[in-house]
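# Remarks on the overall topology
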Amino acid sequence: MDAMDVLRLALTSKVYGAAIETPVSETPSLSARLGNRVLLKREDLQPIFSFKLRGAYNKMAQLTPEERARGVICASAGNHAQGVAFAAQRLGVRSVIVMPATTPEIKVGACRARGAEVVLFGDSFSDAETHAFALQREWGMTFVHPYDDPLVLAGQGTVALELLRQVEVDGPVTVFVPVGGGGLIAGVAGVLKALRPDIRVVGVEPDDSDAMFQSVQAGERVRLDTVGIFVDGVAVKQVGAFTFDLTRRYVDDWVRVNTDEVCAAIKDVFDDTRAVMEPAGALAVAGLKKYVAERGVRGETLVGLTCGANVNFDRLRHVAERAEVGEQREAILAVTIPERPGAFREFIEVVGARAITEFNYRFAPRAQAQIFVGVQLARAGQRAELVAELLGLGYAVADLTEDELAKVHVRHMVGGRAPEATDERVYSFTFPERPGALLEFLTHLHGRWNISLFHYRNHGSAHGRVLAGFQVPAGDGAAFAAFLAGVGYPAVDMTANPAYRLFLT
């Protein structure tokens, strides 16, 4: 396929039997702050709150009568599942959706409400996909792929056809597209480069789920060992063959962003539109902001595709907690102060007019105390200025603003030192978040080593995150490594992490 093939398929796509032409929204606040005209293509306003409806409906509307009679099947834990269910209901086609057992009930219920038959299988998307292919072969149904299908990606390409009618400006235009498996960016880039090759297309991925970027750099499709769990809408280990071929030829540039930057973008979209995006839905805006900061772009038209708004409400507490850090309006610091009366007051005087957003401290019988402090910033550069000022006054300071362990776990555990916990090793684990999973996880952890530390917090995600410490004598290293391998959950050694060593040892 080339750009003209994508254009031809997009022009003949059948999407509006289910999808709508979504508006383009202005962003007065964000535009003023960035010095560019920032527009949002509002795919979060589709009937299923995601662009996925376009590709699913286009694929299914072009099935033969025989294929429709046999029905369709897909594997998805998110927006593609809802797109297939919605399209099937409109077309009167039987649909089977295979989802991991970890899928939040809100998504399962949404598909069932559209008449889909939901099959829950396994703990991961890979488990569900394997089972879906087995059922497809057994039942003779048509598999509707979430991205790696010419008709699916062409359906997504109709977003670009609308954009070309809606954004009529002179001067440079850059379109920022979130990237998972590549269906949206392949369709959008193909259409734009066929009709307006002067429009730049920038792909945006999370820095812990960047399968397309790595594939483009390698010149071939790369399969990631693990993917991040926060921006779950684009958490794909390997991109599609069709989508990779188109993306590597027609995408001009790339931006990768972290969790905090995505959270800040969710807040930015809310401030200008009062709409709440899912993490993937704000991904393009996060990339747009980072692109402007790194390239110094001014006075141009920048378009971000807000691709979805299917977010669990309880996840918003995590988003709110991280947004200020992502916008570089908060510094998270570990500061050493003298363990004596008046030392806290002296430290606060140094901080001055800056607001304290968090302060964690616990007395310990030592000459010095470690405090965990959050400080509100008026602008990004103030963080470095504050650290330099504290160092100049003789305080020992560790900047933990970019430290994931500090922000997810340690900030809630400060003061938990245990001198008696000798030979402690600390590991971060992830496990499927479903009823009974925590008990199952603890059962797997049972062994001959004492658990000396344990922290768990539900973030409203498909995966739970645990920090656990074990007392492992020096001679037990090999046996403990074998034990970890047998637990069956991803484990990352955090024993050398500075946040852990400052506050929990």
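Here the structure is a predicted model, which means the values were calculated and not measured.

### Things to note about the packing of helix H3 (residues 52-61) against helix H5 (residues 79-91)
- At their nearest, the axes of H3 and H5 sit 8 Å apart, and the two run at 45° to each other. The orientation of H3 relative to H5 falls into the category oblique. When you trace H3 past H5, the crossing you get is right-handed. Residues Lys-52, Leu-53, Ala-56, Tyr-57, Met-60 and Ala-61 of H3 lie in contact with H5, whose contacting residues are Asn-79, His-80, Gly-83, Val-84, Phe-86, Ala-87, Ala-88, Arg-90 and Leu-91.
- Residue classes in the contact of H3 with H5 are distributed as 10 nonpolar, three polar and two charged.

### Some words on H3
- By the criterion of burial, H3 is predominantly enclosed, with 10 of the 10 residues buried.
- On its buried side, H3 packs onto helix H4 (65-70), strand E3 (72-75), H5, strand E6 (142-143) and helix H8 (150-166).

### Notes on the packing of aromatic side chains
- Here the structure, examined in full by the defined rule, presents 13 aromatic pairs.
- Look at Phe-347 and Tyr-395: their rings are 5.8 Å apart centre to centre, the planes differ by 75°, and that puts the pair in the edge-to-face class. With Phe-347 in helix H15 (residues 343-351) and Tyr-395 in the loop between helix H16 (382-392) and strand E14 (396-399), the pair connects residues that are 48 residues apart, well separated along the chain. Side by side, Phe-347 and Tyr-395 carry an identical accessibility label, which is buried.
- For the pair Phe-429 and Phe-470, a centre-to-centre distance of 6.4 Å together with 70° between the ring planes defines the contact as edge-to-face. Here the residue Phe-429 occupies a position in strand E15 (residues 424-432), and Phe-470 occupies one in strand E17 (residues 463-471), the gap between them amounting to 41 residues.

Conventions used here
- Residues numbered from 1 in each chain as written.
- Predicted model: local features only at pLDDT ≥ 70, side-chain atom pairs only at ≥ 80, totals over all residues.
- Heavy atoms only, no water.
- Axes fitted to C-alpha atoms, helices over the stretch in contact; angles between N-to-C directions.
- Helix = DSSP H or I, 4+ residues; strand = E, 2+ residues; numbered from the N terminus.
- Parallel < 35°, antiparallel > 145°, perpendicular 65-115°, else oblique.
- Left-handed = near helix turned anticlockwise from the far one by under 90°.
- Contact = heavy atoms within 4.5 Å.
- Nonpolar A, V, L, I, M, F, W, Y, C, P; charged D, E, K, R; others polar.
- Buried < 20%, exposed > 50% of the residue type's maximum accessible area, 1.4 Å probe, protein only.
- Phe/Tyr/Trp six-rings, centres within 6.5 Å; stacked < 30°, edge-to-face > 60°.

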